[in-house]
Amino acid sequence: MPDATVILDATAIQRALTRIAHEIAERNERSADVALVGIPVGGDHLAARLAKILSGIWNHPVPVGILDTSMHRDDLDQRIAPTVHPTEIPFDVNGKTIVLVDDVLFSGRTTRAAMDALNDFGRPKKIQLAVLVDRGHRELPIKADFIGKNVPTALDEKISLLLTESGAAADQVILKKK
Amino acid sequence: MSWTKKHLLDIESLTAEEITTVLDTARSFKAVGERAIKKVPALRGKTVVNLFVEPSTRTRISFELAAQRLSADIVNFSAEASSFKKGETLKDTALNLQALNADFIIIRHSASGAPHFLSRVLNAHVINAGDGAHEHPTQALLDAFTIRERKGKIAGLNVTILGDILYSRVARSDIWALTKLGAKVTLCGPATLVPKTFEKMGCRVTHDVDEAIRDADVINLLRIQHERQRATMFPSIGEYTQLFGLNKARFAKTKPDALIMHPGPINRGVEIDSEIADCGRSVILEQVTNGLAVRMAVLFLVNGGKTPVETA
């Protein structure tokens with residue numbers, strides 16, 4: 001891999017998720033209202049991990065869903081049609097506080113699409129956003145509530161999250177030149 | 001993802017990977033149809049024209065709903081109520097529709113190759129909804145989707161297509177799709193309607209119906225296409241039913257888990273016994289449900305451009 005830098009290793013990822021879980025717990029006093037929704041690919045596994053840590057903090061299970069955003073993207077006729085992943089929201093989103101979980105926050109367009117997609121399932125009381133990495137370069141007025149790590153990047157760089165759930169040997173976040 | 005085609009004209013020119021991409025995408029669109037809100041904004045602002053020069057109910061309605069569920073605007077155009085009656089050519093009609101900024105033209109035509117012709121003269125995306133006896137690609141895709149969903153796979157399955165093969169665009173598209181995905185396809189029917197030349201497409205031809213259905217994992221029944229046929233192809237409908245119809249005695253000899261499929265419209269008591277059409281192994285109505293999901297997937301995929309997706 002040319003010019004690949006490890007930004008977060010397995011320990012750092014775990015530490016960041018633990019901190020984010022505590023911040024979510026601190027921000028949301030009514031723990032029974034909180035549900036996590038991960039955005040594939042990457043955010044779905046992170047949401048499952050966060051839910052596990054949070055259920056340890058709150059001593060009750062935390063609902064987790066998966067939300068595919070590809071049908072709500074705003075660039076569908078400009079690029080090759082994206083892979084559509086399954087969406088599973090196994091709970092009623094009405095009145096809930098939904099924490100959207102994504103691996104990398106970049107332009108903000110995925111988050112915008114996710115908020116639209118979520119509306120098809122009901123009207124959450126609040127939507128919050130948790131990301132493992134915020135790499136900047138926003139194109140929309142969107143800001144994360146919970147951030148694992150801020151990473152200043154150049155536009156020609158790419159950030160990838162590798163997780164053991166997706167078959168990687170070890171958890172890693174990697175930055176490389178395109 | 002591996003879909004970079006601008007049109008869907010036939011199955012023959014698709015790769016196994018492209019077919020699988022449509023089936024995988026359709027799975028997610030089927031799930032959308034089961035939600036309380038069945039509509040997504042993927043094609044918002046786009047205009048779809050159903051250009052049906054040959055009559056059709058189920059395919060036209062299926063495409064119409066597919067476009068609506070993707071938030072596109074759709075116009076239906078039928079030959080009876082059009083300027084075709086006044087002598088306008090297909091090309092001029094299509095160019096007029098394009099002049100109204102139609103983004104997608106879905107065409108059904110009695111002439112084989114009509115969609116390919118339109119794809120050469122139009123900038124819009126062209127989708128073949130059946131051209132003559134040539135191909136009916138979305139029917140083959142929904143058949144493959146239904147088989148894969150029910151059987152968990154397609155490779156290695158014995159699929160028997162029974163009936164009027166010669167005049168059937170469904171048969172041709174099915175043969176291409178299923179053989180590309182690794183199924184073993186057997187064709188069966190009267191010798192006049194199932195010529196041996198079909199073996200060149202990579203399938204087996206037999207005129208012995210009992211042998212054809214005995215080891216089949218899937219039995220796909222096709223309607224006798226009266227509208228395309230000359231009277232001399234076989235003696236009578238009654239004789240066809242007796243020799244090739246799926247009746248209870250023949251059904252009893254099929255594999256206990258063999259799926260019964262039919263692209264519709266079914267002629268009860270001709271190619272299929274009425275009770276068999278309604279039995280638990282018949283997936284005829286599932287095919288209709290899956291057809292909607294597959295057509296949404298096709299519209300979604302051909303809408304895409306050429307550059308790769310940037311995530312995040």
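## Some details on the overall build of chain B
Helices and strands together make up the secondary structure of chain B, namely 11 helices and nine strands. In terms of C-alpha radius of gyration, chain B reaches 19 Å, essentially the compact-globule figure of 20 Å for 312 residues. For the C-alpha atoms alone, the extent of chain B along its principal axes is close to 55 × 50 × 35 Å. In chain B, which comprises 312 residues, the proportion classed as buried is 47%.

## Topic: the overall build of chain A
Scanning chain A for helices and strands turns up three helices and eight strands. Taking 178 residues into account, the globule formula puts the C-alpha radius of gyration at 16 Å, and chain A, at 16 Å, falls close to it. Taking the principal axes of its C-alpha atoms as reference, chain A extends roughly 45 × 40 × 30 Å. Evaluated residue by residue, chain A yields a buried proportion of 44% over its 178 residues. For chain A, long-range pairs separated by at least 24 residues make up 67% of all intrachain contacts whose partners lie at least 6 apart in sequence.

## Comments concerning the domain arrangement of chain B
Think of interface size as the accessible area that goes away when the parts come together; that is how it is often given. All names here are of chain B. Partitioning chain B into domains gives domain 1 (16–135 + 289–303) and domain 2 (137–287). Each of domain 1 and domain 2 has a C-alpha centre, and these two points are 26 Å apart. With 20 residues of domain 1 at the interface, the matching set in domain 2 holds 21 residues. Those elements that provide at least two residues to the side of domain 1 that touches domain 2 are α1 (16–33), β4 (125–131) and α11 (284–303). Among the elements that make up the side of domain 1 that touches domain 2, the one with the highest residue count is α11 (six residues). Across the side of domain 1 that touches domain 2, the residue classes break down as nine nonpolar, seven polar and four charged.

## Remarks on the environment of B:Asp174
Residue and element names in this part refer to chain B. Residue position: Asp174 is located in helix α6 (residues 169–180). Overall, the presence of 31 C-beta atoms within 10 Å leaves Asp174 in the buried class. It is 16 Å that separates the C-alpha atoms of Asp174 and Ile224, two residues lying 50 residues apart in sequence. For Asp174, the contacting residues outside a window of four places in its chain are Ala140, Asp143, Ile161 and Asn220.

## Overview of helix α4 (residues 114–121) of chain B
Residues and elements named next belong to chain B. For α4, the set of buried residues is Ala114, Pro115, Leu118 and Ser119. Each buried residue of α4 sits inside an arc of 140 degrees when the element is viewed along its axis, so together they form one side. Residues of α4 that are buried in the fold lie against α3 (90–99), β3 (104–109) and β4.

## Quick word on the sheet that holds β4(B)
All names here are of chain B. Across the sheet, which stays open at both edges, the four strands sit in the order β2-β1-β3-β4 with parallel pairing between neighbours. Strands at the two margins of the open sheet, each flanked by one partner only, are β2 (73–78) and β4. Going across the sheet, the axis of each strand differs from the next one's by a mean of 15 degrees, ignoring polarity. In this sheet, β3 lies alongside strand β1 (residues 47–52) in parallel orientation, the contact comprising five bridges. Directly across from Val48, in β3, lies its bridge partner Phe104.

## Examining the nonpolar core
A general tendency of soluble globular proteins is for nonpolar side chains to be buried together. Counting residues in each nonpolar core, the largest one holds 96 residues, and the members touching the most others are B:Leu70, B:Ile105, B:Ile106, B:Leu141, B:Ala144, B:Ala297 and B:Leu299. No other element matches α11(B), which puts 10 residues into this core. Discounting residues that sit within four places of it in the chain, B:Ile106 has contacts with B:Val48, B:Val49, B:Asn50, B:Leu51, B:Phe63, B:Ile127 and B:Ala129. Membership of the second largest hydrophobic core comes to 46 residues, among which are A:Ile13, A:Leu50, A:Phe146 and A:Ile159.

## Points about the environment of A:Leu67
Following the sequence through the fold, A:Leu67 ends up in the loop between β3 (64–66) and β4 (97–105). When sequence neighbours within four positions are dropped, the list of residues in contact with A:Leu67 reads A:Val37, A:Ile39, A:Thr87, A:Ile89, A:Ala114, A:Ala117 and A:Leu118.

## Points about the sheet that holds strand β1 (residues 5–8) of chain A
Residues and elements named next belong to chain A. Ordered by their spatial adjacency, three strands build an open sheet running β1-β8-β7, and the pairing between neighbours is antiparallel. Two strands close off the open sheet at either side, each with one partner strand: β1 and β7 (157–162). Averaged over all pairs of adjacent strands, the angle between their axes in this sheet comes to 30 degrees, without regard to strand direction.

## Brief notes about the interface of chain B and chain A
With 21 residues of chain B in contact, the opposing surface of chain A contributes 19 residues. For the side of chain B that touches chain A, the secondary structure elements donating two or more residues are α1 and α11 of chain B. Residue composition of the side of chain B that touches chain A, grouped by class: 12 nonpolar, seven polar and two charged.

Rules used in this analysis
Residues numbered from 1 in each chain as written. Chains lettered and ligands numbered in written order. Predicted model: local features only at pLDDT ≥ 70, side-chain atom pairs only at ≥ 80, totals over all residues. Helix = DSSP H or I, 4+ residues; strand = E, 2+ residues; numbered from the N terminus. Rg over C-alpha atoms; globule rule 2.2 N^0.38 Å. Buried ≥ 20, exposed ≤ 12 C-beta atoms within 10 Å, placed from the backbone. Contact = placed C-beta atoms within 7 Å. Domains from an automatic or database assignment. Nonpolar A, V, L, I, M, F, W, Y, C, P; charged D, E, K, R; others polar. Arc of directions from axis to C-beta. Pairing = 2+ DSSP bridges. Axes fitted to C-alpha atoms, helices over the stretch in contact; angles between N-to-C directions. Core = buried A, V, L, I, M, F, W, Y, C linked by C-beta atoms within 7 Å.

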